[in-house]
Structures are given as structure tokens and as C-alpha cells.
Amino acid sequence: MRTNRKRFLAVIILTAFILINLFSASINVEAIISASHQELLMMAELRKLDVQDKSDDEIKQLLLNYEGLELKEEEKQEEKANEYNMEILSANSMSILSNNNILLEGDVKVSFSFSEQDSPKILSANKMIVDPNVKSVTAYSNVKFEDKDSKSGLSEITADVVTYSYSAGDLIVTGGSTESERKNNEDEKIVFSTSADILNYRNKDSGLFFTDGSITTDKEKSLSTISAKEIAILDGGDMFLSNAYLKIGRVPIIYLPFFFYPGSRLALNPAFGFNSARGLFASATIELFGTYPSFTEDSEESSFASLLKSEDSKNLVSNGLYYDKSDKEESSFDKWVKKNGNYFTLLFDAYEKYGLHLGYDLLIKSDKFKILSKSGLAYSNPNNNIYNKELRYYSNSEISLNFTDLKLNAKIPFYSDPEVNKKYSSRLTSFSIDSFLGAAQKFPEESSTITSYEMVLNSSLSLPRKLKPSFIDSASISKLELKGKYNYSISEQKYLIEDIYLPNITANISGTIFSFSESVKENKEEKDKEIAFSDYFILSDPLLSNMYESKSSSKTNSKQSSLSLKYSINEELNNSFDRDEKQKKLINEILKNNISGKITLQGNIKNTFSFTQIITPEYIHTFDEVKKETKDNLTFRSDTTLSLPFIGITYNLNSYLYKQEAIKLDEKYSEKQTYWAFDKDNIKAHSISFSKSYDLSIGIINPSLKYTLKPLTQAITAGLSYKLYDFTLSFSWYFKQQDEIIKSDDIKLSIGYLSKYFTYSLSLTYKSSIYDKADFFKPLSFNSSISLRTEDKKYSLTEYIKYVYENNGIYNSIDELTTTLVSPYLTLSYSGSYIDKKYSHTSFDLSSKIKTNTMYSWHNRILTQFAIDSKFHYAFENHYATNLSLTFSLNFKIQEFLAINLSVKTTNNSFYKYYDDKDNLNFSLIWQDLKNSFDFLSNGRYNTGFTMDSLSIELVHYMTDWNLYCKYSASIVSSQAGYEWIPTVSIFLKWKTIPDLKIDENYKQSSLGEWEATSTVYGKK
């Protein structure tokens, strides 16, 4: 009795609670606006409102008036946005039923749209019933629903029965299937088909809900499917499965009682699986702000995500749990982060063999500064690392400042051991579906072991322009460097400092003490004609190339008088320390300080006379603690240049004014002083020269003369150059001092002509120092080239000759005679010589690159392409230098079925074996050797000079759902035992729908002939 009373009381309380909630809903404007027809009738009945023969909009207005509520502006806009247009496109018959529903029969087609910009939804069937009260349409028999909007979660549905609520956009489908086109994470188009006994589509959630459903890419054959009792696919690609199977054909290969796959990136960016080196692992990468660059396209969007997302699922931001679309306006901080590519990311990893790892990766930068830092702290089992450490750490940081007058860059790395950075900085930031199967996950390439590293601080500083006095043009410390080098000590199990530079400084100050100038206007300004030097690169003769070079004129183009006095001071300080292993401390290894200055007095008088006087003092101090030696060097140097530009005469004298050298070794001290003297030890350059160009109507003439004066070895060089359009002629005659007499030495004459189609050059040298009256031509030698070519230089024929009249008693020698023919596909070159009245063949070279055009057959579905790359060098006299290299490649493809790529490279360096007793090349031996190279049944291939350098065969079988990749590659590898032939076999099977789901095996043959697996599948070798 008491139990019944309790139940009755609970029913009363529950009923009261429901009524209160229904009644309280009246104060909620949103509840009235979004209510269905039945809900509106219930609300009106509770308030005793007469709503007979009234539409839903009229009932809503009565309820709002009863509650004294008004629609806000945004609610009015939302209500307006929900207005729809329904249009009957076709129907054979239409009738009104007793309940005011509309019956349409016979080839019925109806369109629905919410606004003029919205793409219409098309519903077609044999029969439809339209219920205007609840704003729904129920379609029967051959039902097809189409939504062409790219933002829609589905594009097409075929079914037996469909009920469509056109006010809310929801669908209830019985015995239906959907079809849409998506792209996987490799940007391949995939036709995505789903089917189910019952399917619900909720427009508000953009979600598809299946009961007894399946997902496939081939609706007719269903070669591979995902079947589940319940499937839910939400906007953004989130997928929920219960009692799910992955099937190939009818065979289930995976069973998942419950599975959630995040189509949108989770904020944790999880990655987990198995790796042979690391064991089982789980990782998380959390972006606090910015976009982490390690998230590549494959990691940002998995296969499922790319398949299930709609087109507007882009520009996602983290909302705490996962990445979602954001309608919020970007803050100034977010804009700054995006503009500069800044980010701050936390890193979490747990490895079966490496232990736990916690780290961060940070980049903060702007136009003036940058902070880049990646650091981590790890706890690992000491038994799993050779350094016997539980707590391990690493850090790579860089700080940069970039201001107009101040620049600074600091690199601050430090590590607990040589392998910590290698083990923990290489991480997985993406999730792959095959990790569920236990397939081994491939990590990014690891960095090398770090046995030594450097900490460096570099900076530069300039005196701001505002602070510069008039006598300082620039003042800067261009280099201020602090650097320490650390090496890992195995015995002490830590990094020890080995070298330190404290500091390295380079400083400079320069300025002008005074500067006076007076300009006089010129009506005509001379300009040098600029000629592109690249057009004359084949003219390697310096006498010719100098005439073609684009020179900037050093002469003053206007009559100007000037006088200036300038100075500069430079400081270079290098102070380094080295570690002494015996004393276990740093010692002063070497100190070097170089201070130099320059005082320049320069003047010019209206382009008639100019002079430059440079005084260069320099002081160098060095100290070596190991040698216990100190050196001090002080020098003053003078460089004087006088010039008469209008006649082209220049005088130059470069000499030491004073030199002092002091050396202190242990307790011994020595000093040496040298004052200016007119001798070879102090005079470094002393010459007078003449050079001037004259631009005449018949060409450009440039005579020149240079005389090297005493106390240096006297020498005279006279020259004359002439240029007219593409023709150039240059002559030089060199005299040098021998036994106090100036004697003739080399006489050179060069002739050159260059045009688009024809090139010619001739360079003659006459060594008059070995002149013999009995034989005038004995000192003569020359080289010459002539070339014919097309304008685009793809085809050319060149002849080159090098001739010497006499060489070691042999006369009229042609040391080289080479003919070269060049074309896009073939290059031929032949060289010979004529020495001591005997002509000799030197070498013959052939190289070709032949690639056939793609050949099509069988309705252009079969493609074939063949290529061969060959290089042959034949040495006529040295048979051991002859060699041949051939590379064959074949590409064969049947569209959408098969592709075969073959590449073979063979070389032969054994041509010396093909000569008979009379030193003649025996082609039958070459042919026999070539046949042996194809003898795979016996040992013939081991007795041939044709060796296979590399071989690659790749086969790709394109299937409807899967692609099969098979590759065999092998090459000759150098080892301690010599050269070995190492083959590798790779097999790769990939599901096109979800490329993450794959089977990957690689096998490599060891030197012992055993095949070893170099990767794992499903966690097993």
C-alpha cells in the first residue's frame, strides 16, 4: 500500500514538473519560434487560446502576444532566414485529401529552397504526400533526393521511402543509400557510398545517422566496406561506430565493438602505435597559439577527415577539445600570430623503450626580433640507454634582434648526452588508422648523434646617425662574438668545454677630416658602351676578353676639382682558450690583436691631374701561452699614385716607411727595426703606365704601355687593342730585365670574331727570349678554334687546334686537334695529335640521350615510353682508360590497370681484354662478353666485363579500391669486403579510400645471402 502511494506521488510530481516546464517554455522566445506544429497546439491549449483554422505563424504570434514578448532583431532575421520556397516542378496528378494533405502522383518532382542564394533541394518519386501543417513531404517508390550545395553533408539519396521536413531540412529514409564525391588525403577523388535500413539526416547538426549501415566506394561490387550496427557521421568528419567490421569482399578482417574516429583534429593531436625502435608509444601535441609547422597536410587531416568533411570545414581553430569553425572576429593577437607565423606548442610522449618526454616548441618573431626554442625533458629507464641516465634533457634555442644600429644572434644549445636530441626531437604529430592494426609507424628522420656543439653569441653595433659628428662617416663593431665549444667525455659522462673564444671583435671607424670640390658643367658626358660578357664566354683569351668586358669608367666625366682627407681605423681581436687534458683546465692558447689605420689624401684638378696618397700604419700583437712566445709587429706603409687622366699616364709607388719586429720567447728578447730604403725589400710596387681608349669612326683603339721601375726587376709591357663591332685584335710585347739588360720576352697576338652563327679565335705566342737566328719560327706556338652554330646554340660544330713549332727538338707538332659535334640528343668528340711527323689518334667520345615520345595504342589506353642514356670514351693508346656506361629505362602503363617502370644501368671498364695479339680491337670478343652478361642459367654472367651497376623494377597494379605496389631494386655497394650486390624488395598495398590503411613490407638481402625484414607490419617482423 505504501509502495503504491509512493508511485502515485512520484507520478504527480513528475507530471507537475513536465507541466511547469511546458508552461515555463512560454517565456522562452526561441522555444516558440522553433516549436513544431504539435508543440504549438499544446502550448495554445495550456493557455486556453483559440487556434482553430490558424497557421503556425499565426499561432506563434498569439503566443508571443499572450506572453507579452517581442522578437529581437536577430531573431527576426533568423526567422526570415528560415522562410522557404516550395515549388512543384512536375506531377501527373494532384488531389486534396480529407485531412487537407496534398497527394501528388506520377513522375513527381518538387524543389525546396530557403533563399534566393540557396541551391534548391530536389525530391523526386512516383508518389508524394505533402502535409502543410507539419511542413513535411513523404515520398514513396523510386525516391531520389538531391542537394547540390557544396556545404551540404550529403549530395544524393536513393531510397524506398523518404520523409523530408522542409522547414528544418531533416530527412528520415527507409531502405536508402547516399552517394557523394570526396577527396582523400592524397587529393584523389573518391565516390563515397553509404546504405542503411534506416537513415536519419539532421540538418541542424549536419549529421548522418545509420541503423544497420555500411560504407563503401563501389556500391555495385562492394569490394571493401565498413559495416556497423550503428553509424553516425557528423559535420567536420567525426564518425561513431558500434559493432563495426572492416571487410574485404565478404571477409571481415577487423572487428571494433565501439569506435570513435575524430574527423576534425583533436586539440591533443594524438598519435599512437608501435615502432620497432621505440616500442608502443602515445603522443600528444597541443597548440597553445599559432599553427605548428610540423603538422603537414597528412597530419592535419587524416583520410577519414578528408573523406567526411564538407567544403566549408576549413580555417578551423581549437575550441578546447577539438578544432572547429569559428565565427568570431580575430583578435589583434591572433592576427599578429598569423602574420608572423608564430606558435607555441606543448609536446607529450610516452614510449615503451624511451620512457616519458615533456617538451615545448616555440617561435615568436616580428620584424625586429625572433625567439626560437625547442626543449625537452625526458625520464627513461637507465637500462635502455647506453649513457645510464634516468633524467635526460635537450634544448635548442636561438634569439635574434634586428634593429637598424644593433643586431644580435645567440644560439644556445645544451644536451644531457649525445643521443637525447636524436631520440626525442623526432616525433609523430599525426594519427594513422593502421595504428589500430598494430602496423609499425614510421617516424621522421632522426638527427645525427651530437658529440660536440657550440654556444655562439654574435652581435654588431653601429653608431646611430643622429649621434655621428661631422668628422665620422661610420663607426661600428661589425663583429662581437663569444663562442664556446663542448665535447662529450665518455669517461666523465658529460659535456666538457674544449675551446672558448672570449671574445672575437672586429671594429671600424672611418670619416672625413675635410673635403672640398668645385664642379664645372659639361655639355657632353662620355659613357662606356656596355656589352654583355656572357655572349663572349667562349673567348677565353685574356687579351680578347678584356676588350669585351663591360668596364666602369674610372675617369672623371666632368671637369671637377676636389681635395679630401679621409681616415679609417680597424681593430681585429681574437682571443681563444683551449682545454689542457693534463691540467684539466682552460689555458690561454693564443691571443691576436691587429690594429690598422689608413689615412687617404686625394685630389683632382679639373680632370687634368689627380693624386692619391695613402699612409697605412699597422700594429699586430700575438701571444701564445703554449709556446710562451710574444710577438709585436709595427709597420708604416705608403702608397702613392699620380695620374694625368687627359693623356692616360699613371705613376705608382708602394713601399714600407718603417718596420719593427719584436719577439719574446721565454726570457729571451730580440728586436729588429727597418727604416725606409730604396731597395727590393721595402719597395713593393714601382711603375709608370700609359693606357687610353680612343673611340674613332673606324673602331675603338686602346694603346697601352707599362714600365716597372727600379729597384724592382725592370720590365716593359707594350700593348695595342682594336675592336670593330664583332671583330677584335689585340697585341702585346713583354720585355724583362736580364743581367742588367732589358730583353725581349713573349710577343702575343690574338684575333677574335663572334656572331650568332660563327665564332673564331686565334692566339699566337712568340717567345723571343729563345730566338734563334738560324730558325726564326722556333719560338712560335698558337691555338685556334672555329665554330659554326645555330642561333639557339643547340647545334654546333667546333674545331680546335693547338700548334707548337718546336718542342724538345721536335718540329711542327700539333699537340691537340679536336672536332666536336653537339646536338640535343647526341654529342661526338674526336681528338688526335701530330707529333714528330706521325699522326696519332687520342680519344673518341660519344654521349647520347634518346627519349622516345609517348606511344599510345588500344584507344590511347596503353602508354609506352623508352629512353637510353649512353656514354662511351675510347682511348686509342691507353686501353685501360676506355669505358662504357649505358642506362636503359622503360615506362609501360595501361590506364587504370597496370604500370611497369624498368631502369637498368650497366658499365664496362674492361675493354683492354678485347684486343688481340696485334693490338686490334676484336668485336667478336665484345659480342661474346655481352652474351655472357645475359647468361643467368650458368656462370656466364660472372665472367663478363659488363657489370650491372643498378637495377630497378617497379610494378603498380591499380584496382578499384586498392593499389598494389611491388618494387625490386639493387645496386653495387662498397663494403669492407669489397663491392657487393645488395638487392631490396618492397611490397606496398594501399586502400584508396583510406590511404592510412596500408600493408608495407621491405626485405633486404644481407652480405650472407639472408633476407631481412627492414620494416614491420601489425607490430610483427
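Cut-offs used in this document
Residues numbered from 1 in each chain as written. Predicted model: local features only at pLDDT ≥ 70, side-chain atom pairs only at ≥ 80, totals over all residues. Heavy atoms only, no water. Helix = DSSP H or I, 4+ residues; strand = E, 2+ residues; numbered from the N terminus. Buried < 20%, exposed > 50% of the residue type's maximum accessible area, 1.4 Å probe, protein only. Areas by Shrake-Rupley, 256 points an atom, 1.4 Å probe, with all protein chains shown as cover. Pairing = 2+ DSSP bridges. Expected span 1.5 Å × (residues − 1). Arc of directions from axis to C-beta. pLDDT = per-residue confidence, 0-100. Contact = heavy atoms within 4.5 Å. Phe/Tyr/Trp six-rings, centres within 6.5 Å; stacked < 30°, edge-to-face > 60°. Lys NZ or Arg CZ within 6 Å of the ring centre and 35° of its normal. Patch = residues over 30% accessible without salt bridge, like charges linked within 9 Å, V, L, I, M, F, W, Y side chains within 5 Å. Salt bridge = Lys/Arg side-chain N within 4 Å of Asp/Glu carboxyl O. Polar contact = N/O pair within 3.5 Å; in protein donor to acceptor, adjacent residues only side chain to side chain. Core = buried A, V, L, I, M, F, W, Y, C linked by side-chain atoms within 4.5 Å.

### Description of the overall build of the protein
Tallying secondary structure elements over the protein gives 11 helices and 51 strands in all. By the burial criterion, 35% of the 1021 residues in the protein qualify as buried. Taken as a whole, the protein presents about 60500 Å² of accessible surface, with 55% of it coming from carbon and sulfur.

### Regarding the pairing of strand β22 (residues 452–462)
Working note: regular strand, side chains alternate between the two faces of the sheet. When strand β21 (residues 406–415) meets β22, the two strands line up antiparallel, connected through 6 bridges. By the bridge assignment, K411 is partnered in β22 with V456. Sheet topology places β22 next to strand β23 (residues 474–489); 10 bridges connect them, and they run antiparallel. Bridge assignment links L457 to a residue of β23, and that residue is L482.

### Description of unusual backbone geometry
Of the consecutive residues L502 and P503, the connecting peptide bond is found in the cis state with omega at -10 degrees. Looking at where P503 falls in the secondary structure, it is placed in strand β24 (residues 494–519). In this structure, the amide linkage connecting K710 to the following residue, P711, adopts the cis form with an omega of 10 degrees. Examined against the element boundaries, P711 turns out to sit in the loop between β33 (699–708) and β34 (715–724). Despite not being glycine, E740 has its phi angle at roughly 65 degrees, a positive value. Tracing the chain through its elements places E740 in the loop between β35 (727–738) and β36 (741–754).

### Examining helix α4 (residues 56–67)
The end-to-end C-alpha distance of α4 is 17 Å, a good match for the 16 Å that 12 residues give at a rise of 1.5 Å each. By the burial criterion, the buried members of α4 are D56, I59, K60, L63 and L64. Each buried residue of α4 sits inside an arc of 135 degrees when the element is viewed along its axis, so together they form one side. Two residues or fewer past α4, G68 is found with a positive phi of approximately 70 degrees.

### Looking at the confidence of the model for the protein
Close inspection of predicted coordinates is inappropriate in any region flagged by low pLDDT. Mean pLDDT for the protein: 78, with 75% of residues reaching 70 or above. Segment residues 550–558 is flagged for pLDDT under 50; beyond a separation of four residues in sequence, or across chains, it makes 16 contacts in the model.

### As for the packing of aromatic side chains
Each aromatic ring pair is described using two quantities: the centre-to-centre distance and the angle formed by the ring planes. Per the counting criterion, the structure on display carries 33 aromatic pairs. Where Y771 meets F776, the ring centres are 6.2 Å apart and the plane angle is 80 degrees; that geometry is what we call edge-to-face. Ring plane angle 50 degrees and centroid distance 5.7 Å describe the contact between F872 and F911, whose orientation is recorded as tilted. Here F872, found in strand β44 (residues 862–875), pairs with F911, found in the loop between β46 (898–908) and α11 (923–932); they are 39 residues apart in sequence, far enough to count as distant. Put simply, the rings of Y766, Y771, F776, F777, Y805 and Y811 pair up and form one aromatic cluster. A cation over an aromatic ring shows up here: K483 above the ring of Y501, its NZ or CZ 4.9 Å from the ring centre.

### Things to note about the side chain of N654
Structurally, N654 can be placed in strand β29 (residues 649–665). Residue classification places N654 among the buried residues on the basis of a relative accessible area of 13%. With sequence-adjacent residues up to four places away left out, N654 is seen in contact with R637, S638, D639, N682, I683, K684 and A685.

### Observations concerning a nonpolar patch on the surface
On the surface, a cluster of nonpolar side chains totalling about 640 Å² of accessible area is made up of F369, I371, L377, L391, Y393, I399, I412 and F414. Mapped by element, the contributors of at least two residues to the nonpolar patch are β19 (369–379), β20 (391–402) and β21. You can see L391 is positioned in strand β20. Residue classification places L391 among the exposed residues on the basis of a relative accessible area of 52%.

### Examining the side chain of S730
Within the secondary structure, S730 sits in strand β35. Here S721 takes part through its side chain, which lies 3.4 Å from a polar atom of the side chain of S730.

### With respect to the nonpolar core
One broad rule of soluble globular proteins: the nonpolar side chains tend to lie buried together. Grouped together as the largest cluster of nonpolar side chains are 33 residues, with contacts concentrated most on L123, M128 and L171. One finds A378, Y394, Y424 and Y453 within the second-largest nonpolar core, a separate group that totals 16 residues.

### Some details on the environment of D107
With respect to the secondary-structure elements, D107 resides in strand β3 (residues 102–113). Judged by its relative accessible area of 54%, D107 is exposed. In this structure, the C-alpha to C-alpha distance between D107 and S90, residues 17 residues apart in sequence, is 6.8 Å. For D107, the residues in contact, after removing those within four places along its chain, are S90, A91, N92, A125 and N126.

### Regarding the environment of K121
Relative to the helices and strands, K121 is located in strand β4 (residues 121–131). Through-space distance from the C-alpha of K121 to that of E146 is 5.8 Å; in sequence the pair is 25 residues apart. Setting aside its immediate chain neighbours within four residues, K121 contacts V110, S111, F112, F145, E146, D147 and Y164.

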